[in-house]
Amino acid sequence: MPKVFVSRRVIGLEPYAERLTLDIWEGALPPSPRELRERTRGCDGLVSLLTDRLDADFFDSVPGLKVVSQYAVGVNNIDLAAAKARGIPVGHTPGVLTDATADMAFTLMLAAARNVVPGADYVKAGKWKTWEPALLLGQSVYGATLGIIGYGRIGKAVAERSRGFKMRVLAVSPTLSAEQAAAEDVTATSLDDLLRESDFVSIHTPLTPDTYHLIGARELALMKPTATLVNTARGEVIDPAALYEALRAGRPGFAALDVTEPEPLPPDHPLLSLPNCLVVPHLGSATMQARLAMTRSAMANLEAGLRGEPMPHCANP
Ligand code: DGY
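Throughout, residues of each chain are indexed from 1 in the direction in which the sequence is written. Only residues with pLDDT of at least 70 get local features here, since the model is predicted, and only at 80 or more are side-chain atom pairs given and counted; chain-wide, interface and lining totals rely on the full set of residues. In computing side-chain values, all of the structure's heavy atoms are included and hydrogens and water are not.

A. Highlighting empty space enclosed by the protein. A cavity here means a set of points on a 1 Å grid, drawn over the protein atoms and nothing else, where a 1.4 Å probe fits but cannot get out; a pocket is an open set with protein on both sides within 12 Å along at least five of seven lines, and a residue lines either one if it has an atom within 4 Å of a point. Grid points are joined across faces, edges and corners, and a volume is the space filled by probe spheres set on the points. Under the criterion given, the structure shown has 1 cavity of 30 Å³ or more. Roughly 60 Å³ of volume is contained in the largest cavity. What lines the largest cavity is Asn231, Gly235, Ile238, Pro240, Leu243, Leu257, Val259, Thr260, Glu261 and Leu271. Class assignment for the residues of the lining of the largest cavity results in 6 nonpolar, 3 polar and 1 charged. For this scheme, ten residues count as nonpolar: Ala, Val, Leu, Ile, Met, Phe, Trp, Tyr, Cys and Pro. Four count as charged, namely Asp, Glu, Lys and Arg, and the remainder, Gly too, count as polar.

B. Up close: the packing of helix 4 (residues 98-113) against helix 6 (residues 153-162). Packing of helix 4 against helix 6 leaves a shortest axis separation of 9 Å and a crossing angle of 55°. Compared by their axis directions, helix 4 and helix 6 come out oblique. Considering how the two elements wind past one another, helix 4 and helix 6 form a crossing that is right-handed. Together, Thr98, Asp99, Thr101, Ala102, Asp103, Ala105 and Phe106 of helix 4 and Arg153, Ile154, Ala157, Val158, Arg161 and Ser162 of helix 6 make up the contact between the two elements. Counted by class, the contact of helix 4 with helix 6 contains 6 nonpolar, 3 polar and 4 charged residues. Axis definition: a line fit to C-alpha positions, over the contact stretch in the case of helices; interaxial angles, taken between N-to-C directions, run 0 to 180 degrees. Think of it this way: any DSSP run of H or I at least four residues long counts as a helix, any run of E at least two long counts as a strand, and we number them from the N terminus. Throughout this description, any angle smaller than 35 degrees is read as roughly parallel, any larger than 145 degrees as roughly antiparallel, any in the 65 to 115 degree range as roughly perpendicular, and the remainder as oblique. By definition, any crossing whose near helix is turned counterclockwise from its far helix by less than a right angle is left-handed, and any crossing with a clockwise turn is right-handed. Contacts are assigned to residue pairs with any non-hydrogen atoms lying within 4.5 Å of each other.

C. Local environment of the sheet that holds strand 3 (residues 45-48). By this definition, two strands are paired if DSSP reports at least two bridges between them. Ordered in space as 2-1-3-4-5, the 5 strands form an open sheet in which the pairing is parallel. Pairing within the sheet leaves two strands with one partner each, and these edge strands are strand 2 (21-24) and strand 5 (90-91). In this structure, strand 4 (residues 67-70) lies alongside strand 5, joined through 2 bridges in parallel fashion. What sits directly across from Val68, in strand 5, is Val90. Against the sheet, helix 1 (residues 33-40) makes contact with strand 1 (3-6), strand 2 and strand 3, and its axis sits at roughly 165° relative to strand 1, the strand it touches most. Running over the sheet, helix 11 (residues 288-306) touches strand 1, strand 2, strand 3, strand 4 and strand 5 and is turned about 170° from strand 4.

D. The arrangement of the pattern of salt bridges in detail. A pairing counts as a salt bridge when a side-chain nitrogen of Lys or Arg comes within 4 Å of a carboxyl oxygen of Asp or Glu. Counting across every chain of the model gives 17 salt bridges. With its nearest N and O atoms 2.7 Å apart, the salt bridge here joins Arg168 to Glu197. Pair noted here: Arg168 is in strand 7 (residues 168-172) and Glu197 is in helix 8 (residues 191-197), with a separation of 29 residues, a long-range link. Here the term buried applies to any residue with accessible area under 20% of the maximum for its type, exposed to any over 50%, and partly exposed to those in between, with areas from a 1.4 Å probe on protein chains only. The partly exposed category is assigned to Arg168, whose relative accessible area is 39%. For Glu197, a relative accessible area of 32% puts it in the partly exposed group. With a closest N to O distance of 2.8 Å, Asp193 and Arg196 form a salt bridge. Of this pair, Asp193 and Arg196 both sit in helix 8, 3 residues apart, which is roughly one turn of that helix. On the basis of relative accessible area, Arg196 is assigned to the partly exposed category, the value being 41%. If you follow the salt bridges from partner to partner, you end up with Asp99, Asp103 and Arg161 in one network.

E. Fine view of the sheet that holds strand 8 (residues 187-188). Strand order in the open sheet formed by 7 strands is 8-7-6-9-10-11-12, with parallel pairing between adjacent strands. Of all strands in the sheet, those bounded by a partner on one side alone are strand 8 and strand 12 (277-279). Across 4 bridges, strand 6 (residues 145-149) lies against strand 9 (residues 200-203) in parallel orientation. When the bridges of strand 9 are listed, Ile148 appears paired with Ser202.

F. Focus on the domain arrangement of the protein. Domain start and stop points were drawn from an automatic or database domain assignment. When cut into domains, the protein gives domain 1 (3-96 + 288-306) and domain 2 (98-279). For domain 1 and domain 2, the distance between their C-alpha centres works out to 31 Å. Domain 1 puts 7 residues into the contact, and the matching count from domain 2 is 5 residues. Buried surface at the junction of domain 1 and domain 2, summed over both partners, amounts to about 530 Å²; 48% is from carbon and sulfur atoms. We define a polar contact as two N or O atoms separated by no more than 3.5 Å, with the added condition that, inside protein, one atom must be a possible hydrogen donor and the other a possible acceptor, whereas residues neighbouring each other in sequence contribute only through side-chain atom pairs. Summed over the shared surface of domain 1 and domain 2, the result is 2 residue pairs in polar contact (both at pLDDT 80 or more). Two parts placed together each lose some accessible area under a 1.4 Å probe, and adding up what both lose gives the buried area.

G. Examining the nonpolar core more closely. Nonpolar cores are built from buried Ala, Val, Leu, Ile, Met, Phe, Trp, Tyr and Cys residues. Side-chain atoms within 4.5 Å join them into one set. Counting residues in hydrophobic clusters, the biggest one holds 47 residues, and the most contacted among them are Leu13, Leu22, Met109, Met167, Phe200 and Met299. Those elements that place two or more of their residues in this core are strand 1, strand 2, helix 4, strand 6, helix 6, strand 7, strand 11 (254-257) and helix 11. Looking at this core element by element, the count peaks at 9 residues for helix 4. Counting residues domain by domain, this core receives three or more from each of domain 1 (3-96 + 288-306) and domain 2 (98-279). The residues touching Met299, leaving out its near neighbours within four places in the chain, are Leu13, Tyr16, Leu20, Leu22 and Val47. Within the second largest apolar cluster, 28 residues are counted, among which are Leu220, Met223, Leu229 and Cys277.

H. Region of the structure containing the pairing of strand 3. Neither face of strand 3 is open: one carries Gly45 and Val47, the other Leu46 and Ser48, and all of them are buried. Assessed by its sense of winding, the connection that carries the chain from strand 3 through helix 2 (residues 56-61) to strand 4 is right-handed. Whether a crossover is right-handed depends on one test, that the path from the first strand over the helix to the second runs clockwise when the strands point away from the viewer.

Right, here's the structure in full:
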């Protein structure tokens with residue numbers, strides 16, 4: 001049976017243990033680079049997570065490895081070219097987590113706009129003494145302008161959700177054609193105009209050299225003081241030092257982040273000291289349904305690769 005190292009315990013692996021020898025990392029934290037190398041050495045396949053760094057040195061240290069299957073859609077932790085140069089296909093899991101991630105973007109937007117976390121804290125602190133007309137006044141989401149940076153699967157799914165809220169949708173994306181924009185009632189615009197006009201800005205671009213710190217001091221200064229910036233993509237798309245200064249200055253008014261740089265964010269990170277910054281621990285695809293579908297997708301890629309067949313979703317074809 002092919003031998004496979006799975007670098008974290010994920011749900012739904014039981015059926016695969018009948019036809020693969022699975023070595024599953026059971027640690028509470030991810031394996032260190034050394035542990036990852038040692039456990040992968042001698043394996044035919046690796047199921048990796050976004051917390052594993054797979055670079056050229058890693059691939060050189062595991063010469064028998066035939067297949068990598070990433071348990072995520074994002075593959076910015078993997079040197080795809082280095083894998084390809086060594087004949088190693090890298091699978092990933094697009095599609096199955098689109099709705100869960102779009103739901104999280106919307107959740108963060110609504111939670112930020114309507115002071116859900118401060119409201120819950122207020123009640124728990126025993127401060128709720130009466131109905132208070134001026135208490136925790138937020139921003140209206142219904143009818144507001146939503147700016148979507150990166151109009152791929154997840155960006156589009158966020159736009160779909162916004163229709164029920166009668167939002168005006170602006171989008172920036174290299175792949176958005178004028179025809180698609182018109183058909184989906186989205187206005188394709190420049191990044192600067194999107195940032196200037198949006199009440200909510202939601203980031204859905206992959207992390208690439210082009211999108212690293214795409215949102216820095218200049219871009220943040222374009223946003224409205226009442227606007228909220230939501231990130232469910234990758235933390236590194238936003239410059240965190242610039243975001244801290246911008247939030248302190250109140251422009252934008254709020255940031256709601258599912259992803260951060262660094263990740264995890266240390267408890268003493270300046271962003272966590274701000275009342276206008278909500279951070280959750282990379283929960284975008286964290287539903288039972290999405291995670292089970294990710295397991296099935298990752299294992300389908302893995303098994304296809306082990307058979308020497310094309311993967312259903314290969315990131316370095
Ligand atoms: C991904 O898939 O890239 C997410 O960040 C984790 O589900």
